[in-house]
Amino acid sequence: MGMTQVKGKVVTVEQPSYVLYTAFSDMRNFVAALPPDKKEGVVATEDTIEGEVQGFKMGLQITHKTPFSSLMFQNYGNTPFEFAITVFFDAIDSYKTAFHLELNADLPMMVKMMIGSKLQEGIDQITEQLGMALSGKIDPSKIDPEAFAEEMRKRYS
């Protein structure tokens, strides 16, 4: 296995950094934003979330908080590999925030060979969708993690 690092593109979100940080710092907010048919089997606490995506049981746990600036999420529960996602909220002014993600993953060699070069595109796409949802440009409940996983699997398998 080898460590893979992907830094996502930066998007501007028309929300104060403290609003974004507050929304992301409680995993129960993610469940509240899911469409009703996707909530079944998803379990969340303030710091953890676990559910099934494309037949894989996966989870995230908040492991580090820097108020109004960043949050680190790491794999939680039964995941196929170890990873960490850091979400950054850099205040531009009182009403705008530069938002981006960084992924660090210890990918098995076969997985790295299959999708490693496409992770940048995937992280950028997630960042764009989250940015639009956080700016109110799309309904967050319309973001379907299973559809995204299916699209990534089709593109890169």
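Everything below is about the structure shown above.
The numbers attached to residues start from 1 for each chain and follow its sequence in the written order. Owing to the predicted nature of the model, reporting of local features is limited to residues with pLDDT of at least 70; listing and counting of side-chain atom pairs is limited to 80 or more, with chain, interface and lining totals taken over all residues. Each side-chain value is derived from all of the structure's non-hydrogen atoms; neither hydrogens nor water enter the calculation.

A. Looking closely at unusual backbone geometry. Look at Phe-68: it is not a glycine, yet its phi comes out positive at around 65°. Three exposure classes are used, based on accessible area relative to the maximum for each residue type with a 1.4 Å probe and protein chains only: buried under 20%, partly exposed in between, and exposed over 50%. When its relative accessible area of 44% is taken as the criterion, Phe-68 is described as partly exposed.

B. Molecular detail of helix α4 (residues 119-134). Taking 1.5 Å of rise per residue, 16 residues should cover 22 Å, and α4 covers 22 Å from first to last C-alpha, within 8% of that figure. Along α4, the residues classified as buried are Leu-119, Gly-122, Ile-123, Asp-124, Thr-127, Gly-131, Ala-133 and Leu-134. Once α4 finishes, Gly-136 follows within two positions and takes phi at roughly 80°, a positive value. A run of H or I in DSSP becomes a helix once it reaches four residues, and a run of E becomes a strand once it reaches two; helices and strands are each numbered from the N terminus. To estimate how far a helix should extend, the number of its residues minus one is multiplied by 1.5 Å.

C. Looking closely at the pairing of strand β7 (residues 82-91). Between any two strands, pairing holds if DSSP finds at least two bridges. Examined bridge by bridge, strand β6 (residues 70-75) and β7 share five bridges and lie antiparallel to one another. Counted as the bridge partner of Leu-71 is Val-87 from β7. Two successive antiparallel strands, β6 and β7, enclose a turn made up of six residues, where Gly-77 displays a positive phi of approximately 80°. Across 10 bridges, β7 lies against strand β8 (residues 97-107) in antiparallel orientation. By the bridge assignment for β8, Phe-83 is matched with Ala-105.

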